[in-house]
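# Fold and contact review
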Amino acid sequence: MAQAIQASGGGAVTKKEPWYKVLYIQVLIAIALGVLLGWYDPATGKAMKWLGDAFIALIKMMIAPIIFCTIVHGIASIGDLKKVGRVGLKALVYFEVVSTVALLIGVLVGEIIRPGAGFNADPSKLDASKVASYANKAAADSTVAHILAIIPKSFLDPFATGDLLQVLLISILTGVVVAGLGERAKGVNYAIDTAGQIFFRIIGIIVKLAPIGAFGAMAFTIGEYGIGKVYDLAWLVGTFYVTAILFVLVVLGSIAKFAGFSILRFLAYIKDELLIVVGTSSSETVLPQLMTKMRRLGASDSVVGLVVPTGYSFNLDGTNIYMTLATLFLAQAVGADLSVGQYVTIILVAMLTSKGASGVTGAGFITLAATLAAIPNNPVPVAAMTLVLGIDKFMSECRALTNLVGNGVACIVVSRWEGELDTAKLNEVMAHPVAIGTHIADEPPQPMGTDLKRPDGKVAAAE
């Protein structure tokens, strides 16, 4: 699908791939077939669930080691621990500011649109057993429990459980120590970098199965819940999607413009990753590809290695919008009037609980339960979540998409803030986002410190 493009270093023409070999077209076709199967034959559609589960499991199998190798090698290669701390602090400041804006937007839209008004749900008639598992998980979540949960049982335990916050902790600690040892740890750093290259190549193989995973996940979703579920609560679903789209175009679009690029061209650049997320409802499935594309876009290795993995736990714009908007919907649906103090509590609790929702399907629903349970005087029973249980899968896709875009924008912004954004690369990619994005998607994800081929066949050296 790549067309002849005039790259910054010459006018070479990329080899045109047959349309059926292009990943995003394969994923589009797979999603469409999955919807049709789930619609016309729900039983068979539900039976396809294992395909989506298998693909997500294969991706998640590689996430922890990739993050570990990337962060450790990145910190060790920087050598300057002050710089590591500076980049990390800038990223966290950005995450908190934008995440708070997302929370406030959810509240604002919920109050203006009032999607739950007139629902007149009777809390006493709601079946709490349907959300009991989510409520139990949320009940165990407190500030102290949240902090303690970051500490793994052992050094290797996060690699088995896949807990991103725990992986981040041991990765940062290991990277700092390796960097502090200097020449004595040079061999260790080289070994970690080599392991990272192996893991990235494995991901490159797994990603080719994305169409199969998207087909299975979409067939199951439609077969299990049916399109009719969306019709039942179309006002809430539509409000959430429109709010998320406006957040991306207006809020993230303004940030992107300030950073020197177009949000629409950026979306075109990561179209393959967006489609995979639509099919799987998880932004984790494209973490390695996003890191590769951010490097090709001009972000430095050090920023990509720290900001993108950290953003998967701390920069969840879509989840934040969902939590405040859904909370207000449920309050309106059961006729509960929230006070100013309760609004403040919702925002503060959501800021904390969202940090654990790392893009995995269902995580946003658990954090919603935790937020409801923490509201003073409990005006909205957790049982009210049954009202949105049937459509959460459809909402999950929008949450994951918004989170993905937000993390990509954050990476470029922090890289520019740090003074390490290659504007020549940025302008080259933004001039031809579809062609270059497709070219990169057809190549295996690249580890830190390697060279990235440009669509004209030349090499754009990594920082």
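What counts as what
- Residues numbered from 1 in each chain as written.
- Predicted model: local features only at pLDDT ≥ 70, side-chain atom pairs only at ≥ 80, totals over all residues.
- Heavy atoms only, no water.
- Axes fitted to C-alpha atoms, helices over the stretch in contact; angles between N-to-C directions.
- Helix = DSSP H or I, 4+ residues; strand = E, 2+ residues; numbered from the N terminus.
- Left-handed = near helix turned anticlockwise from the far one by under 90°.
- Contact = heavy atoms within 4.5 Å.
- Nonpolar A, V, L, I, M, F, W, Y, C, P; charged D, E, K, R; others polar.
- Buried < 20%, exposed > 50% of the residue type's maximum accessible area, 1.4 Å probe, protein only.
- UniProt positions renumbered as here; feature names shortened; annotations may be inferred.
- Salt bridge = Lys/Arg side-chain N within 4 Å of Asp/Glu carboxyl O.
- Parallel < 35°, antiparallel > 145°, perpendicular 65-115°, else oblique.
- Patch = residues over 30% accessible without salt bridge, like charges linked within 9 Å, V, L, I, M, F, W, Y side chains within 5 Å.
- Areas by Shrake-Rupley, 256 points an atom, 1.4 Å probe, with all protein chains shown as cover.
- Phe/Tyr/Trp six-rings, centres within 6.5 Å; stacked < 30°, edge-to-face > 60°.
- Lys NZ or Arg CZ within 6 Å of the ring centre and 35° of its normal.

### Here we look at the packing of helix H15 (residues 287-296) against helix H16 (residues 301-314)
Relative placement of two packed helices is described by the angle separating their axes and the distance separating the axes. Remark: H15 packs on H16, axes separated minimally by 10 Å, with the N-to-C direction vectors making an angle of 145 degrees. Between H15 and H16 the crossing geometry is right-handed. Contacts between H15 and H16 involve Leu 287, Leu 290, Met 291, Met 294 and Arg 295 from the former and Asp 301, Val 304, Gly 305, Val 308, Pro 309 and Tyr 312 from the latter. For the contact of H15 with H16, the class distribution of residues is eight nonpolar, one polar and two charged.

### Points about H15
A large share of H15 lies buried, amounting to ten of its ten residues. The set of residues buried in H15 consists of Leu 287, Pro 288, Gln 289, Leu 290, Met 291, Thr 292, Lys 293, Met 294, Arg 295 and Arg 296. Positioned one or two residues after H15, Gly 298 has a phi angle of 115 degrees, which is positive.

### Some words on the UniProt feature "transmembrane region" (unreviewed entry) in the protein
On the UniProt side, "transmembrane region" (unreviewed entry) is annotated at positions that read residues 22-40, 55-79, 91-113, 164-182, 202-222 and 234-256 here. With 100% helix and 0% strand, residues 234-256 has its two end C-alpha atoms placed 31 Å apart.

### Description of the environment of Tyr 24
Along the polypeptide, Tyr 24 turns up in helix H1 (residues 23-40). Overall, Tyr 24 belongs to the buried group, its relative accessible area being 15%. In sequence terms Tyr 24 and Asp 272 are 248 residues apart; their C-alpha atoms lie 4.8 Å from each other.

### Brief notes about the environment of Gly 175
In this fold, Gly 175 is placed in helix H8 (residues 164-181). The class for Gly 175 is buried, based on a relative accessible area of 0%. Between the alpha carbons of Gly 175 and Thr 70 there is a distance of 9.5 Å; along the sequence they are 105 residues apart. Not counting residues within four places of it along the chain, the set of residues in contact with Gly 175 comprises Val 72, Ile 75 and Ala 76.

### Looking at the pattern of salt bridges
Taken as a whole and judged by the stated rule, the model has nine salt bridges. Residues Glu 428 and Arg 296 are paired through a salt bridge, measuring 3.0 Å at the closest nitrogen-oxygen approach. Taken as a pair, Glu 428 in helix H22 (residues 423-431) and Arg 296 in helix H15 lie far apart in primary sequence, 132 residues in all. On the basis of relative accessible area, Glu 428 is assigned to the buried category, the value being 8%.

### Things to note about the packing of helix H3 (residues 49-78) against helix H9 (residues 186-207)
Direction vectors running N to C along H3 and H9 enclose 150 degrees, while the axes themselves pass 9 Å from each other. By the angle class used here, H3 and H9 are roughly antiparallel. The interaxial crossing formed by H3 with H9 has left-handed handedness. Classifying every residue of the contact of H3 with H9 by side-chain character gives 18 nonpolar, five polar and one charged.

### As for a nonpolar patch on the surface
On the surface, a cluster of nonpolar side chains totalling about 550 Å² of accessible area is made up of Val 242, Ile 245, Leu 246, Leu 249, Val 250 and Leu 264. As for its position among the elements, Leu 249 is in helix H12 (residues 234-259). Residue Leu 249 is classed as partly exposed on the basis of its relative accessible area of 38%.

### Things to note about the packing of aromatic side chains
Geometrically, a pair of aromatic rings is defined through the distance of the ring centres and the angle of the planes. Summed over the entire model, instances satisfying the criterion amount to seven aromatic pairs. Seen in terms of ring centroids, Phe 68 and Phe 155 are 6.1 Å apart; in terms of plane orientation they differ by 90 degrees. Their pairing is edge-to-face. One end of the pair, Phe 68, is in helix H3; the other, Phe 155, is in the loop between helix H6 (143-148) and helix H7 (157-161), with 87 residues separating them in the sequence. Phe 68 sits in the buried class, given a relative accessible area of 12%. Ring plane angle 75 degrees and centroid distance 5.4 Å describe the contact between Phe 68 and Phe 159, whose orientation is recorded as edge-to-face. Here the residue Phe 68 occupies a position in helix H3, and Phe 159 occupies one in helix H7, the gap between them amounting to 91 residues. Three or more aromatic residues link up through ring pairs in this structure, and these residues are Phe 68, Phe 155 and Phe 159. Residue placement shows Lys 49 over the ring face of Phe 220; its charged tip is 5.4 Å from the ring centre. When the ring centre of Tyr 322 is taken as origin, the NZ or CZ atom of Arg 399, which lies over that ring, is 4.2 Å away.

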